[in-house]
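# Breakdown of the fold
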Amino acid sequence: QVHLVESGGDSVQSGGSLRLSCAVSRYPSDPYCMGWFRQAPGKERSGVATLSSDGVTQYAEAVQGRFTISEDVPKNTMYLQMDSLKPEDTAMYYCAADTGGRYCPGTRAEYNFWGQGTQVTVSS
């Protein structure tokens, strides 16, 4: 059983930075996929960034160049560094995990383990 707990969400000004953390009770068996998703009010939960057990990362176009996904497996923690935040980044952010492979999709259906979410609010 994999349990995920996000933290680090906050309210920031446009252009600011936040670092989200995801505490992982147990990483999925290799190969695995880890990901960050977000959901704004009235919108579907969508992929932000994914990370495979091989270290391959993928990013949504909207966050490319601004967000960085990383992990520290010995510390059972995954991160999302968010820089140059924009109001459109405002959303509930969720970390997710599942078994996977070299390439990890940014689609919700591919992940079975989810955190409870942490709110990120960016004001203009």
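Throughout what follows, the structure given in this document is the object of discussion. Given the structure is predicted, the values throughout are model-derived calculations rather than measurements. (Residues numbered from 1 in each chain as written. Predicted model: local features only at pLDDT ≥ 70, side-chain atom pairs only at ≥ 80, totals over all residues. Heavy atoms only, no water.)

## Considering the environment of Gln39
Inspection of the secondary structure puts Gln39 in strand β4 (residues 32-39). Accessibility expressed as a relative area gives 23% for Gln39, which makes it partly exposed. Sequence separation of Gln39 and Glu61 is 22 residues, and the distance between their C-alpha atoms is 16 Å. Ignoring any residue separated from it by four or fewer positions in sequence, one finds Gln39 in contact with Glu44, Arg45, Ala91, Met92 and Tyr94. A polar contact of 3.3 Å, which involves the side chain of Gln39, links it to the side chain of Arg45. (Helix = DSSP H or I, 4+ residues; strand = E, 2+ residues; numbered from the N terminus. Buried < 20%, exposed > 50% of the residue type's maximum accessible area, 1.4 Å probe, protein only. Contact = heavy atoms within 4.5 Å. Polar contact = N/O pair within 3.5 Å; in protein donor to acceptor, adjacent residues only side chain to side chain.)

## Notes on the sheet that holds strand β7 (residues 67-72)
The four strands lie next to each other as β1-β3-β8-β7, forming an open sheet whose pairing is antiparallel. Bordering the open sheet on either side are β1 (4-7) and β7, each of which pairs with just one other strand. For this sheet, the mean angle separating the axes of adjacent strands, direction not counted, is 15°. For β1 and strand β3 (residues 18-24), the ladder comprises four bridges, and the chain directions are antiparallel. Across the sheet, the residue bridging to Ser7 is Ser21, located in β3. (Pairing = 2+ DSSP bridges. Axes fitted to C-alpha atoms, helices over the stretch in contact; angles between N-to-C directions.)

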